[in-house]
Structure formats: structure tokens, C-alpha cells
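Each chain is listed here by its residues.
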Amino acid sequence: MGNRIHLGISTCLLGENVRFDGGHKLDRFLTDTLGQYVEYVPVCPEVECGFGVPRESFRLVGDPENPRLVTTRTNIDHTERMVQWARKRVQELGKEDLCGYIFKSGSPSSGMERVKVYDRNGVPAKVGVGVFARIFMEHFPLLPVEEEGRLQDPKLRENFIERVFALKRWRETIAKKQSLGGLVDFHTKNKLLILSYSPATHRAMGKLVAQGKQIPLGTLYERYQTLLLQALQLRTTAKKNANVLEHMLGYFKEQLSPDEKQEMLEVINRYRKSLFPLIVPLTLMNHYARKYDQPYLKEQSYLNPHPVELQLRNHV
Ligand code: SF4
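Now for a look at the structure at hand. (Residues numbered from 1 in each chain as written. Predicted model: local features only at pLDDT ≥ 70, side-chain atom pairs only at ≥ 80, totals over all residues. Heavy atoms only, no water.)

Some thoughts on the overall build of the protein
Within the protein, the regular secondary structure consists of 12 helices and 8 strands. Within the protein, buried positions represent 48% of all 316 residues. The long-range fraction of contacts in the protein, counting pairs at least 24 apart against all pairs at least 6 apart in sequence, stands at 68%. Here the protein has roughly 15,600 Å² of accessible surface; of this, 50% comes from carbon and sulfur atoms. Seen as two clouds, the 46 positive and the 36 negative side-chain charges of the protein have centres 3 Å apart. (Helix = DSSP H or I, 4+ residues; strand = E, 2+ residues; numbered from the N terminus. Buried < 20%, exposed > 50% of the residue type's maximum accessible area, 1.4 Å probe, protein only. Contact = heavy atoms within 4.5 Å. Areas by Shrake-Rupley, 256 points an atom, 1.4 Å probe, with all protein chains shown as cover. Lys, Arg positive; Asp, Glu negative; His and termini not counted. Charge placed at Lys NZ, Arg CZ, Asp CG, Glu CD.)

In C-alpha cells:
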């Protein structure tokens, strides 16, 4: 993969002392592991908006759909200032070619969901979205976004990183000269990955590509991108993955012995029942794809969607 993946991130997660109390929220997985493959674009809304370090902390108050950002002790409303800044900042971020964003959970500025919003009696409910995070997600509705807390969950982590890498591959495709051939090539290599997210969108994308000659190239790329990002917003499941694996097995009809076929089916079944992690059937499938030299399967991003060092697909 050429240039590194650009990922937006809440600055404090990188260990920068930008929090209201002068501290940080360093996340070692993000810096040491994922950090090897991405270039972070750090954003600290509160510092960049001009509030210093240390500063009085903020909280969200009022209507959960449209809360105010106020200082906790002096009760000063800084919503307008933050909104004005955030609207400009997302415009700038539009030039950064971001493939995703990692937010700091619980923050009244940066939290992506379940941020505390206080009612008029000072009672909190975890129903809000940080002021900057909301404006960011409205501006980039289809971009993969996550929070560092949710990324502790192996399934959510895998899903997020897979989407980010898929988007990076797509960005590399659109960076080249647009052509129907280029689009078909991307679609061919990513077909099974898309199928593992959404069989329905996979069908719609296949139809779109098949009509490619009749659609102006720019429109075709745009429609394809929308479908791709919509598909990647969904979740893969054991059931969907097992179906893709069975579909792949069909490519070896002639080559696998009855024993090998049986073994593969058993492994897929155990994966389906959460007895094996996905990496087990995939390793076997990769082995057969190479052994029997299956060019279509060998090229599938589904078999190698991201660096193995990230140790994804290892959970049950
Ligand atoms: S949560 Fe957001 S606003 Fe708060 S310190 Fe981190 S980056 Fe800055």
C-alpha cells in the first residue's frame, strides 16, 4: 500500500497533554500497534478553539438533540464559539483524505455517542454527542468512525480497521486515472469482502458495474463509492462470513479431495458456532487458494484485508 492511511484522532489519545487538567488519555494500541500503519491527524477541539491548558472543564446541558456546551463551574455557554470553529475545521479536514476518525469517548466536545447531557436539575443521562463529533459526523456521514473505548471490543476493532483499509484501497483506485477497467478491477478484488458485509449491496454493486458502459464515468464512480461506503457501514456476522467461505469452497470443486472438503466444511461450521475464530477457516482457505493456484481467490482482499500483525479475526 502506498501512502500511509490518514486517520483523524482526538489528540489526547496520542498522549499529548491537552486535557482540561493538563493530562492525556494515551492509548497504546492506537499509538504503538495501529500507529505503525497510519498517519494520525490529531484534533483537540477545546485547545484548537482557543481554550488553554489547563482550563475549566465543560459539560453538555439541555436538549440532548441540541445540547449547549457550558463550563461546569462558571456555567458559561461556549456552544457558538465551538460550533463556528468546528464548521471551519471540518472543511480543512476535508483536504486531509481521511479514511476514518477515532474519537475520545465521553467528551462533551469529542465523544461520538453516550456523552452525558445534564438536564435542568443537574441530572445526567448518557444520550449526547460531543459538539465537534456531531458536526464532524454530519459533514462526513459515511466515513468510518469509532471511539477508543469501543475499540477495546475485538469485533468492533476488526470492523473499524477493515473498513478503514477498504476505504484506503478505494482512495488509491480513485487517485488513478478513472476508467471502467480500473473500477472493474477494484470490484473484482473486493467482491468477497463486500459480500461479507452486505449480500444485497454486493448485488446492487454488481448490477451497477455491469451497466458501467452506459453510465458517465464520474457518475459511475460516485454511485459505486456511495454503495461501497454504505455496505461497509454494516456489520459482518459469523453467518455472513460462513456463507462467503462456503461460496469460496465452490471454487475448489474439482481440486479438493472429499476428505479435504469435509474438513473445510467442519472448520466453517465450527466457526459459525463460535468455536473457532475466523482466522482458522481463512488460513485454510488461503492455503488452498495458493496450493491450487486460484487466481481469483488469491487476489481477494477478503483473504488479506489488513496486516496480520494487527491480530484481527483472532477472536471467537
Ligand atoms: S477529548 Fe477532545 S477536547 Fe478533550 S482533550 Fe481530548 S481531544 Fe481535546
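Text resumes after the structure shown.
Remarks on the nonpolar core
Counting residues in each nonpolar core, the largest one holds 91 residues, and the members touching the most others are Leu34, Ile102, Phe132, Phe136 and Tyr224. By residue number, the principal contributor to this core is helix α8 (residues 217-233), which donates 8 residues. (Core = buried A, V, L, I, M, F, W, Y, C linked by side-chain atoms within 4.5 Å.)

So, the site of the ligand
Around the ligand lies a shell of 13 residues, among which Cys12, Cys44, Lys104, Ser107 and Ser110 are the nearest. Partitioned by chemical class, the residues of the shell around the ligand number 5 nonpolar, 4 polar and 4 charged. (Near = heavy atom within 4 Å. Nonpolar A, V, L, I, M, F, W, Y, C, P; charged D, E, K, R; others polar.)

Describing the packing of aromatic side chains
Per the counting criterion, the structure on display carries 16 aromatic pairs. When the centroid spacing of 4.7 Å and the interplanar angle of 50° are considered together, the rings of phenylalanine 136 and phenylalanine 140 count as tilted. Grouping residues by exposure puts phenylalanine 136 and phenylalanine 140 together as buried. Feature note: the residues Trp85, Tyr101, Phe103, Phe132, Phe136 and Phe140 constitute an aromatic cluster, connected by ring pairs. Between the NZ or CZ atom of arginine 59 and the centre of the ring of tyrosine 118, over which it lies, the distance is 4.2 Å. In this structure, arginine 81 packs its charged tip against the face of phenylalanine 51, placed 4.0 Å from the ring centre. (Phe/Tyr/Trp six-rings, centres within 6.5 Å; stacked < 30°, edge-to-face > 60°. Lys NZ or Arg CZ within 6 Å of the ring centre and 35° of its normal.)

A short note on α8
Its 17 residues give α8 an end-to-end C-alpha distance of 24 Å, which sits within 8% of 24 Å, the value for a rise of 1.5 Å per residue. Buried within α8 are the following residues: Leu220, Tyr221, Tyr224, Leu227, Leu228, Leu229, Ala231 and Leu232. Where α8 is buried, its residues meet α5 (154-175), α6 (180-197) and α7 (199-210). (Expected span 1.5 Å × (residues − 1).)

Digging into the packing of α6 against α8
Closest axis-to-axis distance for the α6/α8 pair is 11 Å, and the angle between their directions is 15°. Overall, the two elements α6 and α8 adopt an arrangement that is roughly parallel. In the packing of α6 onto α8, the handedness of the crossing is left-handed. Along the contact surface, α6 presents Leu180, Gly182, Leu183, Phe186, His187, Ile194 and Tyr197, while α8 presents Leu217, Leu220, Tyr221, Tyr224, Leu228, Ala231 and Leu232. (Axes fitted to C-alpha atoms, helices over the stretch in contact; angles between N-to-C directions. Parallel < 35°, antiparallel > 145°, perpendicular 65-115°, else oblique. Left-handed = near helix turned anticlockwise from the far one by under 90°.)

Notes on the side chain of serine 196
Here serine 196 shows up in helix α6. You can call serine 196 buried: its relative accessible area is 0%. Not counting residues up to four positions away in its chain, the partners in contact with serine 196 are Thr236, Thr237, Lys240, Asn241, Val244 and Tyr302.

What to know about the sheet that holds strand β6 (residues 115-118)
Sheets are built from strands that pair by backbone hydrogen bonding, the pairs being arranged parallel or antiparallel. One open sheet accounts for 4 strands, arranged β4-β3-β6-β7; its pairing is mixed. The outermost strands of the open sheet, each flanked by one partner alone, are β4 (68-71) and β7 (124-128). In this sheet, adjacent strand axes meet at a mean angle of 55° when their direction is disregarded. Strand direction decides the pairing type here: β6 and β7, joined by 4 bridges, are antiparallel. Bridge assignment links lysine 116 to a residue of β7, and that residue is lysine 126. (Pairing = 2+ DSSP bridges.)

All quantities given are derived from atomic positions and should not be read as evidence of function.
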